[in-house]
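Here is how the chains run, residue by residue.
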Amino acid sequence: MAIPGLIRNFESDTPLPANRFVAADIGDFMATKATGINSPILGVTEQGTDKKLRVDVVMTQLAPIELGGDFSGGEYAVSDSEGRAIPLDPTALADDTEIHVAGKVLEKGDAGTIVDIHIAPFVIIK
């Protein structure tokens, strides 16, 4: 059964791997690599860029994401410097004034594992 949602094709400024968070390059409205908690999350790549630097981005619904940290399932996720999902840890981010959260990881997994995430981006502003 298909899961309805929004998947859109974007141009990218660089090659993007599969199963990673991408951010919005607001000036050109292109997809770019998410590089941490300050990246405005656009969604998740499923297959990476093609030869013409175009990429399908899952913007809502469930998507496969590569973990950059350990999850027990049910935690909110932010991007690490490589666009992988790491758990949101508010105590470690106490000095940050803006945190871009990508959604909630639904499964247990270790770093390097690909699991499902429910894409529902939001921003925490302190």
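Residues numbered from 1 in each chain as written. Predicted model: local features only at pLDDT ≥ 70, side-chain atom pairs only at ≥ 80, totals over all residues. Heavy atoms only, no water.

## Focus on the pattern of salt bridges
Selection criterion: Salt bridges are counted wherever a side-chain nitrogen of Lys or Arg sits within 4 Å of a carboxyl oxygen of Asp or Glu. Here a strand is any run of E in DSSP of at least two residues, a helix any run of H or I of at least four, and the numbering for each starts at the N terminus. The cut-offs for exposure are 20% and 50% of the maximum accessible area for each residue type, with area from a 1.4 Å probe on protein chains only; residues under the lower value are buried, those over the upper are exposed, and the others partly exposed.
With the rule as written, the count across this model stands at four salt bridges. Between lysine 33 and glutamate 82 there is a salt bridge, with its nearest N and O atoms 3.6 Å apart. One end of the pair, lysine 33, is in strand β3 (residues 30-33); the other, glutamate 82, is in the loop between β7 (76-79) and β8 (85-87), and 49 residues separate them in sequence. Among the residues examined, lysine 33 registers a relative accessible area of 33% and is labelled partly exposed. For glutamate 82, a relative accessible area of 34% puts it in the partly exposed group.

## Observations concerning the side chain of serine 39
Using the following cut-off: Pairs of N or O atoms within 3.5 Å make up the polar contacts considered here, provided that, within protein, one atom can donate a hydrogen while the other can accept it, and that residues adjacent in sequence are counted only when both atoms are side-chain atoms. Note on definitions: a residue-residue contact is assigned when non-hydrogen atoms from the two residues lie within 4.5 Å.
Looking at the element boundaries, serine 39 is found in the loop between β3 and β4 (41-45). A distance of 2.8 Å separates a polar atom in the side chain of serine 39 from the backbone nitrogen of threonine 35. Apart from residues no more than four positions distant in its own chain, serine 39 is found in contact with Ala23, Ala34 and His100.

## Some words on the sheet that holds strand β5 (residues 54-58)
Defined as follows: Between any two strands, pairing holds if DSSP finds at least two bridges. For helices, the axis comes from a line fit to the C-alpha atoms of the stretch in contact; other axes are also lines fit to C-alpha atoms, and the angle between any two N-to-C directions lies between 0 and 180 degrees.
Spatially, β1-β5-β4-β2-β3 is the arrangement adopted by the five strands of the open sheet, whose pairing is antiparallel. The open sheet is flanked by β1 (7-11) and β3, the only strands paired with a single partner. Ignoring strand direction, the axes of neighbouring strands in this sheet form an average angle of 50 degrees. Note: β1 against β5, five bridges, orientation antiparallel. For arginine 8, the partnering residue across the bridge sits in β5 and is valine 57.

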